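# Analysis of the macromolecular model
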Amino acid sequence: MNIQNGDVVRLAGSVTLAEFGLALCDDDGEMLEIDGEVMRVLPQWVDVRIKRMLKTVSFAAPMEGAIRRMVRREEVLEVLDGEARLWPNAAALKGVSDEREGKVSKVAAPVFWTVGVDEIPMS
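In this report, we go over the structure that sits alongside the text. (Residues numbered from 1 in each chain as written. Predicted model: local features only at pLDDT ≥ 70, side-chain atom pairs only at ≥ 80, totals over all residues. Heavy atoms only, no water.)

This next bit is on the overall build of the protein chain. Along the backbone of the protein chain there are 2 helices and 5 strands. Mapped from its N terminus to its C terminus, the protein chain presents α and β elements in the order β-α-β-β-β-β-α. Pairs at least 24 apart in sequence give 61% of the contacts found in the protein chain among residues at least 6 apart. Of the roughly 8400 Å² of accessible surface on the protein chain, 55% is carried by carbon and sulfur atoms. (Helix = DSSP H or I, 4+ residues; strand = E, 2+ residues; numbered from the N terminus. Contact = heavy atoms within 4.5 Å. Areas by Shrake-Rupley, 256 points an atom, 1.4 Å probe, with all protein chains shown as cover.)

Structure, rendered in structure tokens:
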């Protein structure tokens, strides 16, 4: 595979584990694969920039930023078309991954229940 500076690449699940500290899987049991932008290509390593939300201080909300990480060449799975995705946090990884893959979320439609009451008791 020919990797060049500026390419958006899909990264192996081992990079997701290293970046977020969790082994997260999709609905099929496959490890989630994040993507990033190639900043530099070395003989055995690839320097990638992963867009994600960063918490700079404990009292402030997370803000959009990026992490640069050196990954092994075998952890780069393929070159993607389009821009690199923003990976917000571990809880939202699956939603972003499903959106990238064009999968429909398997979340059940909300059910609203009503209870008929003849009279509201006075207290």
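That shown, we press on.
Along the chain, the position of Lys-51 falls in strand β3 (residues 45-54). In this structure the C-alpha to C-alpha distance between Lys-51 and Gly-36, which are 15 residues apart in sequence, comes to 6.9 Å. Those residues in contact with Lys-51 that sit more than four places away from it in its chain are Glu-64, Gly-65, Ala-66, Glu-83, Ala-84, Arg-85, Leu-86 and Trp-87. Engagement of the side chain of Lys-51 in a polar contact is seen with the backbone oxygen of Ala-84, the distance being 3.3 Å. (Polar contact = N/O pair within 3.5 Å; in protein donor to acceptor, adjacent residues only side chain to side chain.)

In this section: the environment of Pro-88. Checked against the element boundaries, Pro-88 lands in the loop between β5 (76-80) and α2 (93-101). Taking the C-alpha atoms as reference points, Pro-88 and Arg-52, separated by 36 residues in sequence, lie 5.1 Å from one another. Beyond its immediate stretch of four places on either side in the chain, Pro-88 contacts Met-53 and Val-96.

Here we come to the environment of Val-48. Within the secondary structure layout, Val-48 lies in strand β3. Judged by its relative accessible area of 0%, Val-48 falls in the buried class. Separated by 21 residues in the primary sequence, Val-48 and Arg-69 have C-alpha atoms spaced 5.5 Å apart. Aside from chain neighbours lying at most four places away, what touches Val-48 is Val-9, Leu-11, Glu-37, Val-38, Met-39, Ile-67, Arg-68, Arg-69 and Val-71. (Buried < 20%, exposed > 50% of the residue type's maximum accessible area, 1.4 Å probe, protein only.)

Quick look at the side chain of Asp-47 now. Relative to the elements of secondary structure, Asp-47 occurs in strand β3. Not counting residues up to four positions away in its chain, the partners in contact with Asp-47 are Glu-37, Val-38, Met-39, Arg-40, Arg-68, Arg-69 and Met-70.

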